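Structural features, examined
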2 protein chains.
Amino acid sequence: MPTTPAPTTAQTPTADPVPAAPPPRTGRRVVIVGGGFGGLAVARRLADTDLHVTLIDRSNHHLFQPLLYQVASAALAPADIAEPIRSIIGGHDNIEVRLAEVEAVQPAARSLSLRGGEELGWDWLVLAAGARHGYFGRPEWEAEAPGLKTLPDALEIRRRVLLAFEQAEWETDPHLRAALMTFVVVGGGPTGVELAGSIADIASQSLPGDFRRVDTRQTKVVLVEAGTSVLGSFAPPLREAAAEQLRALGVELRLGAPVEKLDEHGVVVKGERIAAGTVLWAAGNEASPIGRSLGVPLDRAGRVIVGPDLSVEGHPDLFVIGDQAHVEGPTGLVPGVAPAAQQMGRLVARNILADHQRRPRKAFSYRDKGSMATIGRSKAVAQLGRLRLRGYLAWLLWAIVHLATISTFRNRVLVFIKWGWAWFTFDRSSRIVWTQAPARPPPPPEG
Amino acid sequence: MPTTPAPTTAQTPTADPVPAAPPPRTGRRVVIVGGGFGGLAVARRLADTDLHVTLIDRSNHHLFQPLLYQVASAALAPADIAEPIRSIIGGHDNIEVRLAEVEAVQPAARSLSLRGGEELGWDWLVLAAGARHGYFGRPEWEAEAPGLKTLPDALEIRRRVLLAFEQAEWETDPHLRAALMTFVVVGGGPTGVELAGSIADIASQSLPGDFRRVDTRQTKVVLVEAGTSVLGSFAPPLREAAAEQLRALGVELRLGAPVEKLDEHGVVVKGERIAAGTVLWAAGNEASPIGRSLGVPLDRAGRVIVGPDLSVEGHPDLFVIGDQAHVEGPTGLVPGVAPAAQQMGRLVARNILADHQRRPRKAFSYRDKGSMATIGRSKAVAQLGRLRLRGYLAWLLWAIVHLATISTFRNRVLVFIKWGWAWFTFDRSSRIVWTQAPARPPPPPEG
């Protein structure tokens, strides 16, 4: 890409075909950082008002994260769960979309700086830049054990899982072969449970016909959790149901087992070495580093502590929502789930409009829409208040809710078709690996 | 991935769950290098015979290359045009699939070496490793101008094209903005014509609603060809029709214009500098470097010269087919197209079986199944013998032929749906960019 104009000798003279219009100023300026569930919720509520909204994201798409593990397990393709932000939100006259990376925010000056140096001013700022996995003070573990937060993550996991079987097929050393057929997933929350379950499922249902020298049904999947139970945020009976369903799928559990050592041979937990060719990370939580530039109190995971109206103390025009925010609700910390981010986004948009129209703000009140986690291809656990479901019924509810909330009709149709196909044929249709990256993923982008 | 066994202290003892069976030897051994159209055709014809076949490819999937340009132009997703080789061919008892990279062949010893050092012996060897683009002795141009032969290529092109518009949207310098909205495609064969046409199409039909400050309909696409005409292998009336259709789409042609200079500012052809942020390469042809290790005559593009039975002179058990082979037909060099590779593959399989059953071999006879090239979303040119079609009818024929030859029912359904959707909505559904690679593609793998 050129960064300086081309030399002018012997150039074909052309009139400038694309005169740039100055940014329209029909009101005061709102900047939203992050095009996930939270940021989009803010933008949607401010669409077609007389505020001028700029939504900044470092990728060009909104990711439907709840289904990311299915891209990792080769059931879905990346485009099935991603939609260009411009398609979702860019059609409104008062909303601009910008592909850029925010490096720091200057709350007092009401400005922020992008990678590359450009500075933008804002009248209200909403930070919705999310969180990534945390490695508990061991950043060197990340190269060995990728997490699952972005599409590159999911594709890297897919690559490692499928190639582990390819290597095992031709490996002559029996110990090495057994290690290649062993997968460790660290973290017993919904992401870890879903990932472990789907790997066990693909190994036992979809891949056996593909390989001849190894029996993929002998795959060992080990789910490692530091706490005493998987799905700790669920009601105890559902935790038990999930553990049962995982074992029925062939997943081994190691509970009360924080990772002591992690290297290219596998992990050590509770003094036991588990030899594994693939270790996947679904634990820990680290809010976006942008929060650190604010100079305001953060919690241990780097989340920005906000008040009842979701703004930062001392900076009423600076809001933080979603996984990046630390919000105390009546039953404790508001969890980092999509419905919470959306509710926060809508509340912040309401408060910004209230400011603009000189009305009082409102406090955030979290409404728990329940939690769900799938285990394998057709089982799940789900809870909503006192309602608890498990097994096939929970999975059906999960499928309906997720299909309904995928943001585009086209993707809904495609995902529905793929799930239907997979249900009938046990086929994992997206078993394509094409990333030619080296075994170690690239370092995460800065900022 | 571990390459040495894990340390044995404190290990959980397990019986070896996956005893490796020795490779079955029910006949003599055929090794096929390459899982493209040619290699798969050989394997299919040798399936369920008493020969033992090993198919080696360095990726895990077979790629339907004729539609690769649609992944680049964001109309299709990678998995739509790729299928795991194991799914296609791995189910037969006498066929093994191996993910590996062949580095060199030793014809006299009847062996070949894989990256990593392992050596394999063969009784018959079929090289079907294809070709990549050639940069006419200017390998440094490759970093600036990616080609279109693999899925990573297509995704890199998609990334550059979509991000060029994102950059143009926010670029304040008018010259730089115009350059960012200019795309140069080098090479007027079918690949270049299809790529140029689809970029012009996406810019004028699908993207205008996405961007606000730049009018994507002002995009300039320039197709550069060293020869005097585009589609030089087509009949003259069709070459003219293609040129007309391209111009109608807004593509500018520079004919008789070999590239003199190529850098990050664009290209220089016929003394004229065309300032372009994106240059794409669809020219030249360089057969797989494996051919060089044979020590036999090659043509200027590195293709291995073979005799009438498609074997190499002096090495009757060594066959080369497809884009990697130089085969003289009655009307000249057999072109590097999918039907030719498939016909060669079938003939080689026949000759191997003939050897095995002590019958005489047969000479190759190319049957031209015609040529087609699309221009934009609903026009094409097609020729078969004396039959010549252009415009919408040619496109319909193209669509039917390509849908019918996609190797899996599932992909046929998905591609059909996506084409239907795009036809009705002008939507380019796969406008997702997620590769976080740097702007310059990684160097091509060795071997």
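Residues numbered from 1 in each chain as written. Chains lettered and ligands numbered in written order. Predicted model: local features only at pLDDT ≥ 70, side-chain atom pairs only at ≥ 80, totals over all residues. Heavy atoms only, no water.

Structural notes on the sheet that holds strand β8 (residues 119–121) of chain B
All names here are of chain B. For clarity, the threshold we go by: When DSSP finds at least two bridges between two strands, those strands are taken to pair. Numbering of helices and strands runs from the N terminus, with a helix taken as a DSSP run of H or I at least four residues long and a strand as a DSSP run of E at least two residues long. Between the N-to-C directions of two axes lies an angle of 0 to 180 degrees, each axis being a line fitted to C-alpha atoms and, for a helix, fitted only over the stretch in contact.
Judged by pairing direction, the sheet is antiparallel, and its three strands sit side by side in the order β6-β7-β8 without closing on themselves. The two strands at the open ends of the sheet, each matched to only one other strand, are β6 (102–106) and β8. Taken pair by pair, the neighbouring strands of this sheet meet at an average axis angle of 25°, ignoring direction. Bridge count for strand β7 (residues 111–114) against β8 is three bridges, and the pairing is antiparallel. Looking at β8, one finds that Leu 112 is bridged to Leu 120.

Quick word on unusual backbone geometry
Under the convention used in this document: Note on classification: 1.4 Å probe, protein chains only; a residue is buried when its accessible area is under 20% of the maximum for its type, exposed when over 50%, partly exposed between these limits.
Within the chain, Ala74(A) stands out as a residue other than glycine whose phi angle is a positive 70°. Look at Ala74(A) and you get buried, because its relative accessible area is 0%.

Here's the deal with the environment of Pro107(A)
Residues and elements named next belong to chain A. Rule in force here: The contact definition used throughout considers only heavy atoms, calling two residues in contact when any of these lie within 4.5 Å.
Structurally, Pro 107 can be placed in the loop between β6 (102–106) and β7 (111–114). Classification of Pro 107 as buried rests on a relative accessible area of 12%. With 130 residues separating them in the primary sequence, Pro 107 and Pro 237 have C-alpha atoms 46 Å apart. Pro 107 has contacts with Trp 122, Leu 294, His 315 and Leu 318, leaving out every residue within four places of it along the chain.

Some points on the packing of helix α1 (residues 37–46) of chain A against helix α9 (residues 338–356) of chain A
Residue and element names in this part refer to chain A. What counts, and what does not: A clockwise turn of the near helix away from the far one marks a right-handed crossing, whereas an anticlockwise turn of less than a right angle marks a left-handed crossing. Each residue receives one of three labels: charged for Asp, Glu, Lys and Arg, nonpolar for Ala, Val, Leu, Ile, Met, Phe, Trp, Tyr, Cys and Pro, and polar for the others, Gly being one of them.
Between α1 and α9, whose axes approach to 7 Å, the crossing angle comes to 35°. Judged by the sense of rotation from one axis to the other, the crossing of α1 with α9 is right-handed. On α9, the residues touching Phe 37, Gly 38, Ala 41, Val 42, Arg 45 and Leu 46 of α1 are Ala 338, Ala 341, Gln 342, Gly 345, Arg 346, Ala 349, Ile 352 and Leu 353. When its residues are assigned to classes, the contact of α1 with α9 shows nine nonpolar, three polar and two charged.

Concerning the pairing of strand β21 (residues 315–320) of chain A
Residue and element names in this part refer to chain A. The pairing of strand β9 (residues 124–127) with β21 spans three bridges and is parallel. By the bridge assignment for β21, Leu 127 is matched with Val 320. Bridge count between strand β20 (residues 311–312) and β21: two bridges; the pairing is antiparallel. By the bridge assignment, Val 312 is partnered in β21 with His 315. The antiparallel pairing of β20 with β21 creates a hairpin that spans two residues between the two strands, and Gly 314 there sits at a positive phi of about 90°.

Some remarks on the packing of aromatic side chains
So the rule is basically this: The criterion for an aromatic pair is that two Phe, Tyr or Trp rings (for Trp, the six-membered ring) have centres within 6.5 Å, with stacked assigned to planes under 30 degrees apart, edge-to-face to planes over 60 apart and tilted to the rest.
Considering all chains together, one arrives at 16 aromatic pairs over all chains under this definition. Counting every residue linked through ring pairs, the aromatic cluster contains Tyr135(A), Phe136(A), Trp141(A) and Trp281(A).

Some remarks on the domain arrangement of chain A
Residue and element names in this part refer to chain A. Our working rule: Domains are outlined according to an automatic or database domain assignment. We define buried area as the total accessible area lost by two parts upon association, computed with a 1.4 Å probe and summed across both. Just to be clear on terms, a salt bridge is a Lys or Arg side-chain nitrogen sitting within 4 Å of an Asp or Glu carboxyl oxygen. N or O atoms within 3.5 Å of each other form a polar contact, as long as, within protein, one can give a hydrogen and the other can take it, and as long as residues adjacent in sequence are counted only when both atoms are side-chain atoms.
Looking at chain A, the domain boundaries give domain 1 (29–58 + 100–133 + 286–356) and domain 2 (139–283 + 377–425). Placing a centre on the C-alpha atoms of domain 1 and another on those of domain 2 gives a separation of 32 Å. Every contact between the two is made by five residues of domain 1 and, on the other side, eight residues of domain 2. Interface area, domain 1 with domain 2, both sides summed: about 480 Å², of which 50% is carbon and sulfur. Among the residues domain 1 hides against domain 2, the three largest losses belong to Ala 131, Arg 132 and His 133. Together they make up 86% of the total. At the boundary of domain 1 with domain 2, the tally comes to one salt bridge. The shortest N-O distance in the salt bridge between Arg 132 and Glu 142 comes to 2.8 Å. One can count three residue pairs in polar contact (both at pLDDT 80 or more) joining domain 1 with domain 2. Class assignment of the residues belonging to the side of domain 1 that touches domain 2 gives a composition of one nonpolar, one polar and three charged.

Concerning the pattern of salt bridges
Residue and element names in this part refer to chain A. Enumeration according to the criterion identifies 44 salt bridges over all chains in this entry. Here Asp 309 and Arg 361 are joined by a salt bridge, their closest N and O atoms 2.8 Å apart. Of the two residues, Asp 309 sits in the loop between β19 (304–305) and β20 while Arg 361 sits in the loop between α9 and β25 (371–375), which places them 52 residues apart along the sequence. Taking the relative accessible area as the measure of exposure, Asp 309 reaches 18% and is therefore buried.

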